[in-house]
There are 2 protein chains.
Amino acid sequence: MPGVTTSDSPAAAPLAITNVTLDGVKVTVRCAAGVIAAIGSDVVAQPGDEVLDGGGMAIMPGLVNAHTHAAMTLLRGYGDDLPLMEWLQTRIWPAEASLTADDVYWGTRLAIIEMLRSGTTHFVDMYWHAPAVARAVADSGIRATVSSVFIDGGDAADGQSQRPRVLDELDQIDAAGPLVHPAVGPHAVYTVSPPSLAWLAEVADERQIPIHIHLSETEGEVADCVAAHRMRPPALLESVGMLGARTLCAHGNWLDDAELDLLATRGTTVATCPVSNLKLANGKTFDIVEGMRRGVPVGLGTDGAASNNSLDLLNDVKILALLHKHLASDPAVLPAAEALAVASGAASPLLAGHTMAPGDPADVILVRTDTPEMTPSPLPEALVYAASGSMVDTAVVGGRVVMRNREVPGTDEVMAEVRTRSDRLRKH
Amino acid sequence: MPGVTTSDSPAAAPLAITNVTLDGVKVTVRCAAGVIAAIGSDVVAQPGDEVLDGGGMAIMPGLVNAHTHAAMTLLRGYGDDLPLMEWLQTRIWPAEASLTADDVYWGTRLAIIEMLRSGTTHFVDMYWHAPAVARAVADSGIRATVSSVFIDGGDAADGQSQRPRVLDELDQIDAAGPLVHPAVGPHAVYTVSPPSLAWLAEVADERQIPIHIHLSETEGEVADCVAAHRMRPPALLESVGMLGARTLCAHGNWLDDAELDLLATRGTTVATCPVSNLKLANGKTFDIVEGMRRGVPVGLGTDGAASNNSLDLLNDVKILALLHKHLASDPAVLPAAEALAVASGAASPLLAGHTMAPGDPADVILVRTDTPEMTPSPLPEALVYAASGSMVDTAVVGGRVVMRNREVPGTDEVMAEVRTRSDRLRKH
C-alpha cells in the first residue's frame, strides 16, 4: 500500500538469514533498517547481526491477504451450512451487535497468529472498532491496512453525522504504529449513500490513503443498485469519484467485461475471495483470468473466518488456481507462478507485493521444503499445489522476526481470550 | 472393504488412549486385538496397556482415500499447468515407462507417510508393480486396497495372455499382510477390451474382492465408448457383469441421472476426485449431491500426487463441500458432517467406514483442536472448513500406533530415496 517504505518500518537489529534457498540457490539474506540490504551466495552475516539458520527452507516474499475481517475468528464455525440470509440474521448480525472493542482486539490477535503461521505478512482489513484492530496489529508486528466499516443505510445525513468519528478513527489508526496503514471503508453500494461515498472518496484523496469496499459480490446487489440508482455498482462508484488506483474492491463476482475494462483503466484493484464465494454460494466468482487479461490489478483475500473458515492463503491460492482451470476448461490457465504472484500482492501496485531485491521491504517468509508433502518439491508448483500454510516456519516483517518454528509469542493467552469471548457472543 | 475384520488385524499390544475428546466428551478409548474394545468417560487403562495421552485432541475414525496412485509422489509437480495430452505424452507416460518396482515401493512409502500425516488410515490404490505397493503398505502399517493397472489396449488376446500375471499378482498382494487387501484393476473402458473386463469381473467374483476402475472421467471417454461399443461406459460395464456392490468407480464426472440410478441399484461406489478434476480441467466433476440423493454409495479420493498434488483429504473435503455448494447455488448442501462422512468412508459399505463403537476396527486418528486455526473449534465444522491435515497428530491402524506427534518412522530415508529416484525419472 502507499507508505510501505523503509521509513515506515520499525527499528530492528540487523538480521542475517543464512543457508536459505532462493530460486534453487543457497543464499544469505541480510536485512537492515526494515529492508533487504543484501542477498546472495557470497553475502555473509556481519558482527552484531541476529543470525537465523534457514536450512531446509525456501525464502520468498510474505503473502498479502487482500480482503479479510480478521476479528471474525470470534465467529468461526458459527452457523456454517446455513442459507445466507438465515446465517446473517440469526447468527452473524446478532453476535456482531454485542461486539466490544476488546473482543475485536483479541479476535484480530488470533487472526494475525493464524495468518503469520500460514505466511501472510500484510493483510487488508475492514471491521468494526478499527482502532482496536490497529492496536492488535501494532502489538503483533504484522503489517496491515486497516479500515472501519462505514454504513449509513442510504441516509446521507446519518453518514455526515459520522464524519467526525471517521476522521478520528483514521487518526487513531494512523498513530498506532509504523506498520499500520489507515484506509476508508465504505461497506458497499447497498449500505452507503452516494453522498457519503463521495465525501469518503474525498477524505481518501486528501489523505492519500486507500479505499476498501465490497463490490458486486452478489447478483442481488447489482440488481438492487440498478433499481435504486439506474447504474450498476462500478458506474455508481465512478460517478462519485471512487474508482482509482488507491481503491480496492473486494469480490467483484458479478463484474462484466466492460466493467473489467473500466477498472483496468482506473487502475482499481479487485481482491478476489474464491473460498468465501464458494462457501456462501454467491453463484459466481471474480473472473480473474479475464480480469488479468484486461489489465485489472488483482489480489487474493480469504474474507473473514466466518465464511472461509481458515485464513490460510496457501490453501486458498490452490483453490483459486484450480477453480479457474475448471471454469476455463483449460489446465494451463493461472499457472503456479502467476497464482503465487497474486497471493503475494505482486499483481497489484496498491498491494505493494515486492520481489526479493535489495531495498525491498524485509517482509519475507521461510517455508520448509524438507517435508514429505513437499518432496519432491519443484517451486513454485509445490507452494501452490502441494503446500499448506503449515509448512511456513518463519515470518519476518519490516526486518523483525515475528514467528520462528511456527511459534508466535502470546498464542496461549490469545486463544484463551477468544474462547471465552466467542462463547459469550454465541449466546445471543 | 470386504475383509476388514478383527482377524485381519495384526497382533498389537492393547492400547489405551486417555484424555481424548469424542463428540465433546472426554473419554478413554481402549483398543485390543485390532478393534475398539471399550470407550467412555468411565473406561480406564488396564495393566499392560500402552497408554497414549490424547489431551488437546479429538478422536475420530481414520479417513479413507478412495482413489489414488500412491507412487505418483515420484512425479509430483512434474509438468503442472500443461494441457492434458501434452502432460501425459511428454511427462507422465515416458517417466512411467522407466519405473521399476523399487521406484514404486519408495514412492508408495512416501505417499503413505503423507497420508498418515493428514489422517488417512486406509487408501485404495491402482498402480503399476502392485506387489511393490503391497510391500510398502505392509512395511508401513497402514491399511490399503491394492490393485495393479490392467490394460490390454482393446486386444482381448493380449488381455488373456496377461491372466497368469494378474492371478499371480493378486496372490502376492493377498500374501503381503493382514492389512493389505487385493483388488482387480481394469484401467478403464477405453483401455481394456470387453472380454477382458468380463473375465476380470469373474476373477473378482470368485475371490470376492473389489474391482477398481476409472469411469466416465472425461467427455471424450464417453463419446469414444459410444462410438466403439454403441453404449455409454456404465452400460458397457453392466453388459460385462462389472457393476456390483464390490465395484469402485473413480471419478464418474460425466454420469447422467439414469446412470446414477443404475449405480445406486447395483450398489456400486463412486470415488469422486474433485481436486484432480479441477486441476486437469475435466470440464465436470461427479455430482455427489445428486448421486447421494439417488442412493449411490460414495467416497472421496485424492487421485495421484501428479494431479493434485497433495494427498491431504482434509484439504480435499473442504474443496468437495465448497465446490458443490457453488454448483448447487446453495450453501446448505453437503454440510460438514455429511462431507466428513464421505471422507471417512462412511458413505459406502465397500469402503467400510466405521463409527467409534466397540467392535469397530481400531483405525482412528487424533486431531489437535488446541491450535489457533481450530479456535474456536466446533466439530465437525472445524475439521472440514478450518483444518488441514497438519492438525492430525496421531494415527492408529488395526490398534497399532503408526504415527505419533506427526512422526512416521523412516521418513528421512524415504524422502532421500524418492528424491534420487524422482530425479532419474524426470530425465527421460
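For the structure itself, look to the data block above.
Not measured: the values here are computed from a predicted model.

Section: the overall build of chain A
When helices and strands are counted, chain A shows 15 helices and 16 strands. At 21 Å, chain A has a C-alpha radius of gyration in line with the 22 Å of a compact globule built from 428 residues. Expressed as lengths along the three principal axes of its C-alpha atoms, the size of chain A is roughly 65 × 45 × 40 Å. The buried share among the 428 residues of chain A stands at 64%. Of the roughly 13,700 Å² that chain A leaves accessible, carbon and sulfur atoms contribute 53%. Computed over 30 positive and 52 negative side-chain charges, the inter-centroid distance for chain A is 3 Å.

Let's talk about the environment of L99(A)
Residues and elements named next belong to chain A. Tracing the chain through its elements places L99 in the loop between α1 (84-97) and α2 (101-116). The exposure class of L99 is buried, given its relative accessible area of 10%. In this structure the C-alpha to C-alpha distance between L99 and R421, which are 322 residues apart in sequence, comes to 9.1 Å.

Description of helix α7 (residues 219-229) of chain B
Residue and element names in this part refer to chain B. Inspection of α7 places E221, V222 and C225 among the buried residues, and these make up the whole buried set. Down the axis of α7, the buried side of the element spans an arc of 100°, and every buried residue falls inside it. Lining the buried residues of α7 we find β10 (211-215) and α8 (233-239). Of the residues one or two after α7, R230 is the one with positive phi, at around 55°.

A few points about the interface of chain B and chain A
Contacts between the two partners involve 54 residues from chain B, matched on the other side by 54 residues from chain A. A combined buried area of about 4,500 Å² lies between chain B and chain A, and 62% of that area is made up of carbon and sulfur atoms. Where chain B meets chain A, there are four salt bridges. Between R117(B) and E373(A) there is a salt bridge, with the nearest N and O atoms lying 2.8 Å from each other. The interface formed by chain B and chain A includes 18 residue pairs in polar contact (both at pLDDT 80 or more). At the level of elements, α2 (101-116), α10 (274-279), α12 (313-328), α14 (381-386) and α15 (411-425) of chain B are the ones that each hand at least two residues to the side of chain B that touches chain A. Ranked by residue count, the leading element in the side of chain B that touches chain A is α12(B), at six residues. Here the residues of the side of chain B that touches chain A sort into 23 nonpolar, 15 polar and 16 charged.

Quick look at the pattern of salt bridges
All names here are of chain B. All chains considered together, the criterion is met by 46 salt bridges over all chains. Measuring nitrogen to oxygen at the nearest pair gives 2.7 Å for the salt bridge that ties E259 to R232. Highlighted residues: E259 in helix α9 (residues 257-266) and R232 in the loop between α7 and α8, separated in sequence by 27 residues. E417 is the partner of R421 in a salt bridge, and the nearest nitrogen-oxygen pair spans 2.9 Å. One end of the pair is R421 and the other is E417, both in helix α15 and four residues apart, which spans about a single turn. The buried category is assigned to R421, whose relative accessible area is 16%. In this structure E417 comes out as partly exposed when scored by relative accessible area, which is 25%.

Scoring rules and cut-offs
Residues numbered from 1 in each chain as written. Chains lettered and ligands numbered in written order. Predicted model: local features only at pLDDT ≥ 70, side-chain atom pairs only at ≥ 80, totals over all residues. Heavy atoms only, no water. Helix = DSSP H or I, 4+ residues; strand = E, 2+ residues; numbered from the N terminus. Rg over C-alpha atoms; globule rule 2.2 N^0.38 Å. Buried < 20%, exposed > 50% of the residue type's maximum accessible area, 1.4 Å probe, protein only. Areas by Shrake-Rupley, 256 points an atom, 1.4 Å probe, with all protein chains shown as cover. Lys, Arg positive; Asp, Glu negative; His and termini not counted. Charge placed at Lys NZ, Arg CZ, Asp CG, Glu CD. Arc of directions from axis to C-beta. Contact = heavy atoms within 4.5 Å. Buried area = accessible area lost by both parts, 1.4 Å probe. Salt bridge = Lys/Arg side-chain N within 4 Å of Asp/Glu carboxyl O. Polar contact = N/O pair within 3.5 Å; in protein donor to acceptor, adjacent residues only side chain to side chain. Nonpolar A, V, L, I, M, F, W, Y, C, P; charged D, E, K, R; others polar.

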